[in-house]
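Listed below are the residues making up each chain.
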Amino acid sequence: MTWMKASSLPEELDTISTAGSGSLKQAFKRKISQKHLKALVSGLFFNIPSGIGSKRKDLKLSNKELEKVLEHGASWAVKNGFGSQNDILHIEDNGKIEKADPSLVSEKAYKRGQPQLGTLGSGNHFVEIAYIDEIYDENTAAQLGLKQGQITVSVHTGSRGLGYQVCDDSIKKMLKAAQKYNISLPDRQLCCAPINSKEGQNYLAAMACAANYAFANRQIIGHWVRETFEQVLAANPRDLKMELIYDVCHNIAKIEEHTVEGKKRKVCVHRKGATRAFPPDHSQVPDDYKKIGQPILIPGDMGRYSHLLTGTEKAMDETFGSTCHGAGRLMSRKQAKKAAKGRAIYRELEDKGIIVKAAGRTTLVEEMPDAYKDVNMVVDVVAKAGIAKKVARMKPLGVIKG
Amino acid sequence: MKKYEQTDHTADIGLKIFGNSLLDLFANAGYALCDTLTDISKVSPCTKQTFCLQRDSTEELLVEWMGDLLYIFETEGLLFNRFNIKSINKNSLSAEAEGEFFNSAIHTIKNGVKAVTYHKLKIEEKNGLWQAEVVLDI
């Protein structure tokens, strides 16, 4: 997930944005007109390829160039004109996982990845314009440059088909590895190998390529978000000053140092449906956030809220520096379709003041607000458990879905 | 006999696939995947693709087969509606599939399928009737 903020927009306009393992957010002040909002949603939908098979004709990659993306992540995007060097400072691991080895990524993954860089995808991926409707921690919000009513944009997308192919290729290898290392599997999808084995190390190097692709993907989409705002609001980048708040992963395995039974140890932390939540003063937290801890973006659903949290010491003590990553589904996709029968979800959201554009009706129905748990309750649980601190809440205004 | 049905899964799509033989089961698995992607009744058999696959077990072969159909759709835009499994044993499959290239004026995308998974993967045979369970990552 990635977040960006634009601090001094003309009069009513202020922006923030964030992104994670496939998402970005931004915000403007609530005063934004319906006309502008509709134009922004349409502009985002036009500029950011969404849904199956969509791509930008102006972004074509050779295998050699894709190799650089896999190695350098968000830096490749910045070098190629997507965003600025300042963005890099606000991305988990500066948008590049070390030891990525593109030679371990299959031809099939390259073929899937080439046309999809800079695309949103489908399912639960989105770009959302929202505004800050509640601030829980004035001091932290101020340090992040956030205030009540500010407009935000978030983007949720990831490594697309390239990542799924890396997974698929790795599963085949891991099924054999599990046999080789006599690991009994409760489910084939949970196949694995010791992390220090050749198979384990090769997997980490291939996964790093997928993570770097995802960082670059969000960086490119973030750039197009900025361009869309500039086009629709006829403002120049200096006036908009849309800055990245943070970009954080929520599906990745990382080698980190944690205290286990009183001793510092290197461990592999797999955050699957979990977000990193590092506390103030942690070495991996950007310098300008050292006092407040790492920002965390928790998307809810397109009809209710999303939250901005920060990491805590307690998360380091109890959850290997991790917290939740979203609201979580309440209904299966099948149940959601049944519950939406005869309803006009677009209209229901529009009546609440939320403009939605989706590539397909099925996605919209499956992702409708009722299909998700109330994110407020989920966030309250992690805040009460002390594994994250509530900072601000965002209410959606406009959403594009794949 | 119905070819397949969708089953409940919180975040993904579960498929229960049926067949009168293993060949039939694999053909219906191809149908189930493509019918999950699009309205398969709108797909015409205009072009043909052959498949020769090898894996360590029949279950893995099923994921490979469905995964290949998905890969071809994603990289070439080819949707299939006819599936002819020529031969199959525990480790290998030979098949042909017919279909046409995605055309937004004719075809709709029902679901964006990210991957065919191995989660809860199962193939069973009872009294000559075959059944498979596959979860699609959405």
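Our structure is the block above this text.
Just so it is clear, the model here is predicted, and its values are computed rather than measured. (Residues numbered from 1 in each chain as written. Chains lettered and ligands numbered in written order. Predicted model: local features only at pLDDT ≥ 70, side-chain atom pairs only at ≥ 80, totals over all residues. Heavy atoms only, no water.)

Focus: the overall build of chain B
Argument step 1. Scanning chain B from terminus to terminus reveals two helices and eight strands.
Argument step 2. In terms of C-alpha radius of gyration, chain B reaches 14 Å, essentially the compact-globule figure of 14 Å for 138 residues.
Argument step 3. Based on the C-alpha atoms only, the size of chain B along its principal axes is roughly 45 × 35 × 30 Å.
Argument step 4. Sequence-distant contacts in chain B: of pairs separated by 6 or more residues, those separated by 24 or more amount to 65%.
Argument step 5. As displayed, chain B has an accessible area near 5800 Å², and 45% of this comes from carbon and sulfur atoms.
Argument step 6. Here chain B contributes 14 positively and 20 negatively charged side chains, and the mean placements of these two sets differ by 4 Å. (Helix = DSSP H or I, 4+ residues; strand = E, 2+ residues; numbered from the N terminus. Rg over C-alpha atoms; globule rule 2.2 N^0.38 Å. Contact = heavy atoms within 4.5 Å. Areas by Shrake-Rupley, 256 points an atom, 1.4 Å probe, with all protein chains shown as cover. Lys, Arg positive; Asp, Glu negative; His and termini not counted. Charge placed at Lys NZ, Arg CZ, Asp CG, Glu CD.)

Quick notes on the packing of aromatic side chains
Here a ring pair, both rings aromatic, is described through the centre-centre distance and the interplanar angle of the planes.
Argument step 1. Tallied over the entire structure, the rule returns seven aromatic pairs over all chains.
Argument step 2. Centre to centre, the rings of B:F51 and B:F80 are 6.1 Å apart; their planes meet at 75°, and the pair counts as edge-to-face. Linking B:F51 in strand β3 (residues 47-54) with B:F80 in strand β4 (residues 78-88), this pair joins segments that are 29 residues apart in sequence. Taken individually, B:F51 and B:F80 each receive the classification buried, so the pair is uniform in this respect.
Argument step 3. Through successive ring pairs, a cluster of aromatic residues spans B:F51, B:W65, B:F80 and B:F83.
Argument step 4. Positioned above the aromatic ring of A:Y136 is the side chain of A:K390, whose terminal nitrogen or guanidinium carbon lies 4.2 Å from the ring centre. (Phe/Tyr/Trp six-rings, centres within 6.5 Å; stacked < 30°, edge-to-face > 60°. Buried < 20%, exposed > 50% of the residue type's maximum accessible area, 1.4 Å probe, protein only. Lys NZ or Arg CZ within 6 Å of the ring centre and 35° of its normal.)

Section: the environment of B:A27
Residue and element names in this part refer to chain B.
Argument step 1. Looking at where A27 falls in the secondary structure, it is placed in helix α1 (residues 22-37).
Argument step 2. Judged by its relative accessible area of 12%, A27 falls in the buried class.
Argument step 3. Along the primary structure A27 and T38 are separated by 11 residues, whereas in three dimensions their C-alpha atoms are 17 Å apart.

Brief notes about the pattern of salt bridges
Residue and element names in this part refer to chain A.
Argument step 1. The final tally for this structure, using the stated rule, is 34 salt bridges over all chains.
Argument step 2. A salt bridge links E134 to R393; the shortest N-O distance between them is 3.5 Å. Of this pair, E134 sits in strand β4 (residues 126-135) while R393 is found in strand β14 (residues 389-401), placing the two residues 259 residues apart along the sequence.
Argument step 3. The partner of R218 in a salt bridge is D247, and the shortest N-O contact between them spans 2.9 Å. Separated by 29 residues along the polypeptide, R218 in helix α8 (residues 198-233) and D247 in strand β6 (residues 242-248) bring together distant segments of the chain. (Salt bridge = Lys/Arg side-chain N within 4 Å of Asp/Glu carboxyl O.)

Overview of unusual backbone geometry
Residue and element names in this part refer to chain A.
Argument step 1. In this structure, F320 takes a positive phi of about 50° despite not being glycine.
Argument step 2. Looking at the secondary structure, you find F320 in the loop between α10 (313-318) and β12 (322-323).
Argument step 3. Taking the relative accessible area as the measure of exposure, F320 reaches 37% and is therefore partly exposed.

Here's the deal with the pairing of β4(B)
Residues and elements named next belong to chain B.
Argument step 1. Pairing analysis gives nine bridges linking β4 to strand β5 (residues 92-101), with the strands arranged antiparallel. Looking at β5, one finds that R82 is bridged to E98.
Argument step 2. If you look at the hairpin formed by β4 and β5, you'll find three residues sitting between the two strands. (Pairing = 2+ DSSP bridges.)

Focus on the interface of chain A and chain B
In many reports, interface size means the accessible area that the parts give up when they come together.
Argument step 1. Listed by partner, the interface residues are 28 residues for chain A and 33 residues for chain B.
Argument step 2. Where chain A abuts chain B, roughly 2600 Å² becomes buried across the two surfaces, and 49% of that area is made up of carbon and sulfur atoms.
Argument step 3. Sorting the residues of chain A by area buried against chain B places A:I52, A:R188 and A:R333 first, and these three jointly supply 22% of that buried surface.
Argument step 4. Linking chain A to chain B there are six salt bridges.
Argument step 5. For A:K176, the salt bridge identified is with B:D56, shortest N-O distance 2.7 Å.
Argument step 6. Across the contact surface, chain A and chain B share 13 residue pairs in polar contact (both at pLDDT 80 or more). (Buried area = accessible area lost by both parts, 1.4 Å probe. Polar contact = N/O pair within 3.5 Å; in protein donor to acceptor, adjacent residues only side chain to side chain.)

Overview of the nonpolar core
Note on soluble globular proteins: their nonpolar side chains tend to be buried together.
Argument step 1. Ranked by size, the top nonpolar core spans 59 residues in total, and within it A:I48, A:L117, A:V127, A:I129, A:V225 and A:F229 carry the most contacts.
Argument step 2. Element by element, the count of residues in this core is highest for α8(A), at 16 residues. (Core = buried A, V, L, I, M, F, W, Y, C linked by side-chain atoms within 4.5 Å.)

Remarks on helix α2 (residues 63-72) of chain A
Residues and elements named next belong to chain A.
Argument step 1. Of the residues making up α2, those classed as buried are L66, V69 and L70. The arc that holds the buried residues of α2, viewed along the axis, is 95°, so those residues lie on one side.
Argument step 2. Residues of α2 that are buried make contact with α3 (74-79), α5 (107-113), α7 (160-180) and α8.
Argument step 3. Immediately beyond the C-terminal end of α2, within one or two residues, lies G73, with a positive phi of roughly 60°. (Arc of directions from axis to C-beta.)

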